[in-house]
Amino acid sequence: MTQKPLIGIPACTRLIGEHPFHVCGDKYVRAVSDGAGGVPLLIPALGGTLDIDDLIGRLDGLLITGSPSNVEPQRYGGEPSEPGTLHDPARDATTLPMILAALDMGVPLLGICRGFQELNVALGGSLHQRVHEIPGYTNHREDKSAPLTVQYGPSHRVHLTPGGILAGLANGADSVAVNSLHAQGLDRLADGLTVEARAEDGLVEAVRVTAAPAFALAVQWHPEWRFWDDPLSAALLHSFGAAAAAHARRRLR
Ligand SMILES: N[C@@H](CCC(=O)NCCCC(=O)O)C(=O)O
């Protein structure tokens, strides 16, 4: 009997009423279960109270999701955020070390939106906090007043790096249309990352970990959104799942 790969999804913290919760969006859970063929395991944002190495050693993959919260700027030497910015320090304290442990232990990793930004920060890179205020960059935020199908619909094109993983998954296409729901973006690219895609304004929108022994890729857009309707999204999740399944076979043999 083939065991499905166990894929960890670190949660966000969220106040619901007066009570704090650990939460994860349903579309990420289904991207793991239906898109990657894995068993989703939600991981609470407990930071240093978790034995990160022990936990990563039990996983076959790690999906770092998007979130409306921003990585705390002190994590990358940034200026203080604008007052009222939503942060999630408990999530930062969990995802950043988990990313490094997964890369160190060869556990396949897929980052999405905030997860893409966290990969860059975890490896020593930095972020633009408000991309839309920087001359030369366009507005990459969604219209929050629009229906979700519009917010997560195609927003701009990204140019895929020839010979990259995404270009291969896109059957050699040199650009694809993606959605865009982010105010932050990559500033200083961390050492050890290779650009996989750029937006038309030049903003980096996808990276891979150059020397990673396993699948280690992150995108600024949202392939988990209705992935079954988008060939590249489906191929990306399937490729991540295949890498996790291969890891499971090695781990469980
Ligand atoms: N807060 C960061 C990252 C934005 C992000 O992850 N957006 C998606 C949130 C909702 C979802 O999970 O689909 C930024 O603003 O750049």
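Residues numbered from 1 in each chain as written. Predicted model: local features only at pLDDT ≥ 70, side-chain atom pairs only at ≥ 80, totals over all residues. Heavy atoms only, no water.

Caption draft 1: Quick look at the site of the ligand. Neighbouring residues of the ligand: 16 residues in total, closest Lys27, Tyr28, Ser67, Asn70 and Tyr152. Between Gln117 and the ligand, the recorded distance is 3.0 Å, taken from a side-chain N or O atom to an oxygen atom. The contact in question runs from a nitrogen atom of the ligand to an N or O atom on the backbone of Leu181, over 3.0 Å. Burial of the ligand by the protein chains amounts to 89% of its free accessible area of 430 Å². Taken together, the elements giving at least two residues each to the shell around the ligand come down to helix H1 (26-35) and helix H4 (114-122). Here the residues of the shell around the ligand sort into six nonpolar, eight polar and two charged. (Near = heavy atom within 4 Å. Polar contact = N/O pair within 3.5 Å; in protein donor to acceptor, adjacent residues only side chain to side chain. Areas by Shrake-Rupley, 256 points an atom, 1.4 Å probe, with all protein chains shown as cover. Helix = DSSP H or I, 4+ residues; strand = E, 2+ residues; numbered from the N terminus. Nonpolar A, V, L, I, M, F, W, Y, C, P; charged D, E, K, R; others polar.)

Caption draft 2: Main features of the packing of helix H3 (residues 89-105) against H4. Two elements in contact, H3 and H4, have axes separated by 9 Å at closest approach and are oriented at 70°. Viewed along their axes, H3 and H4 adopt a mutual orientation that is roughly perpendicular. In the packing of H3 onto H4, the handedness of the crossing is right-handed. Listed contacts from H4 to Arg91, Asp92, Thr95, Leu96, Ile99, Leu100 and Leu103 of H3 are Arg114, Gly115, Glu118, Leu119, Val121 and Ala122. Its residues placed into classes, the contact of H3 with H4 shows seven nonpolar, two polar and four charged. (Axes fitted to C-alpha atoms, helices over the stretch in contact; angles between N-to-C directions. Parallel < 35°, antiparallel > 145°, perpendicular 65-115°, else oblique. Left-handed = near helix turned anticlockwise from the far one by under 90°. Contact = heavy atoms within 4.5 Å.)

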